[in-house]
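Architecture at a glance
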Amino acid sequence: MRDLYEMFNGFDTEEETDPEAMNDLEKQIWKKKLRKEIRSPGKVGRRMAVSTGCLGIAAGLFVLLADSEVLAVAKQTIEETYKSIAVWVGGTPEENDYVQEIYGKSTANGRAITIVDMIADEDLLQISYQDRDLSIENFLQGGYVSRSPAEETKDNTKYFLDAELLVDGKTAGSGAVGTIRLSSETNAIDGNFCIYTGDFGVDMSKVKEAELILRQRYVEAEEEWKFSLDLEKRNLKDTTKTQELSQSFAIEDGRTVEVYRYAENEGARKLYVKVTRPENWDPDKFYSGYLQFRGVTDQKQKVMFEQAAGDIYLLNRNINSNTRSITITPELIPRGEVGEAVPEEGIPVGESFTLEVNGK
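This text gives an overview of the structure that appears in the document. Position numbers for residues count from 1 along each chain, tracking the sequence in the order it is written. Totals for whole chains, interfaces and linings use all residues, but because this is a predicted model, local features are given only for residues with pLDDT of at least 70 and pairs of side-chain atoms are given and counted only at 80 or more. To get the side-chain values, take all heavy atoms of the structure and skip hydrogens and water.

1. Examining the pattern of salt bridges
Here a salt bridge means any side-chain nitrogen of Lys or Arg lying within 4 Å of a carboxyl oxygen belonging to Asp or Glu. Counted according to the given criterion, the structure contains 14 salt bridges. Across the pair Lys270 and Asp121 runs a salt bridge whose closest N-O atoms are separated by 2.9 Å. Note that Lys270 is positioned in strand β12 (residues 269-276) and Asp121 in the loop between β2 (111-120) and β3 (124-133), a separation of 149 residues in sequence. When sorted by exposure, Lys270 lands in the same class as Asp121, which is buried. Of the charged contacts in the structure, one is a salt bridge between Asp162 and Arg217, with a shortest N-O distance of 3.1 Å. One end of the pair, Asp162, is in strand β4 (residues 161-167); the other, Arg217, is in the loop between β8 (209-216) and β9 (225-230), and 55 residues separate them in sequence. To qualify as a helix, a DSSP run of H or I must reach at least 4 residues; to qualify as a strand, a run of E must reach at least 2; elements of each kind are numbered from the N terminus. Using a 1.4 Å probe on the protein chains alone, a residue whose accessible area is under 20% of its type maximum counts as buried, one over 50% counts as exposed, and one in between counts as partly exposed.

Written out as structure tokens, the structure is:
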């Protein structure tokens, strides 16, 4: 992002930009510069996309570079970058041609939710979305609403969502929006969630069409957000490599944990974890904390597997292409008070084990 801002903010407005005065070589230089800067990869981990403010600056640049050919190139590259705004899937390489663009929009409960794009394999859908609060947008645009944007965004519970996937009218998978990042300045959430189909025995590589339903989790609402998904495009099942595991341990609150598989493809690095609870187990009484799987690669890089949906825990970042193994330590993050900072490292609750990665 630094290069992109430097390019636009450092742009010399006194420089000759009249398309009539620009020769072909100068136009080619601008095209190359736009492609290079707009597509510059971010830091290792999650890719960052052009922000709304930066897009505004880019729009101003379009006016300066009125030449239609240059305009088309710049517009195309920025639109291509937009699809990464909400695709924050850990472990994905730069060339994400397996991402299926959706851009499906549904309006309900005073909010417009857009499904931006999706990655699919046999048992996991990784979906990115944008959630815009129309009442706040109306306020910011000068319309009348009963409360200010600051008051509207205090109640964040309405932005937590449950997701259900239907195939032929039957439930095929479920998931949820577990964390949100709400901006009161842009009145929108750019985020992602996962849907796991393993509990329902549905192989998504064999599904061509599905319906996605989003519902508010903590706030009662009559309306739902509904989307039609076309799943005939690339599915990553055939590229998935797996390693069977047999790691089990018990937690003092009564839960038993089995880590039974590791799988990787271009869309994700997945650790499969089955948690069993005793009969009549009450989380309000017995729950002692949540599981995470902290690891260190053979390249001395720290990584983390965190729960995404169902049995699946996802790696939270890219890893070096030379990496051949990850040593994993199961940890329990103790249950804390509301508002209390969550520690990065937890209490080891099982023996460490090793994953073979990058297809080795």
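Don't stop here, the text continues.
2. Topic: the packing of aromatic side chains
Pairing of aromatic rings covers Phe, Tyr and Trp, the last through its six-membered ring, and needs centres within 6.5 Å; plane angles under 30 degrees mean stacked, over 60 mean edge-to-face, and all others mean tilted. This model, assessed by the stated rule, comprises 6 aromatic pairs. Lysine and arginine charges are scored as sitting over a ring when NZ or CZ, respectively, is within 6 Å of the ring centre and within 35 degrees of the ring normal. Across the ring face of Tyr272, the terminal group of Arg261 is positioned such that the distance to the ring centre comes to 5.1 Å.

3. Points about a negative patch on the surface
Together, Asp168, Glu209, Asp230 and Glu232 make up a negatively charged patch on the protein surface. Inspection of the secondary structure assignment puts Glu232 in the loop between β9 and β10 (241-250). Each patch is assembled from residues with relative accessible area greater than 30% and no salt bridge, linking like charges that lie within 9 Å and nonpolar side chains (Val, Leu, Ile, Met, Phe, Trp, Tyr) that lie within 5 Å. For the area figures, the Shrake-Rupley method with a 1.4 Å probe applies, and any residue is considered shielded solely by the protein chains shown. Charged-residue counts in this description rest on Lys and Arg as positive and Asp and Glu as negative, His and the chain ends being excluded. Charge coordinates come from a single atom per side chain, which is NZ of Lys, CZ of Arg, CG of Asp or CD of Glu.

4. Some remarks on the side chain of Gln243
Within the secondary structure layout, Gln243 lies in strand β10. Residue Gln243 is classed as buried on the basis of its relative accessible area, which comes to 17%. A polar contact of 2.8 Å, which involves the side chain of Gln243, links it to the backbone nitrogen of Glu356. Should any heavy atoms of two residues lie within 4.5 Å, those residues are counted as being in contact. Apart from residues lying up to four places away in sequence, Gln243 is in contact with Arg261, Tyr262, Thr354, Leu355 and Glu356. Counted as a polar contact is a pair of N or O atoms within 3.5 Å, where, for protein atoms, one must be capable of donating a hydrogen and the other of accepting one, and residues adjacent in sequence contribute only when both atoms are in side chains.

5. What about the environment of Thr354?
Within the secondary structure, Thr354 sits in strand β18 (residues 353-356). Judged by its relative accessible area of 43%, Thr354 is partly exposed. When the C-alpha positions of Thr354 and Ile328 are compared, they lie 5.9 Å apart, and in sequence the two are 26 residues distant. Look past the residues within four positions of Thr354 in its chain and what remains in contact with it is Gln243, Ser325, Ile326 and Thr327.

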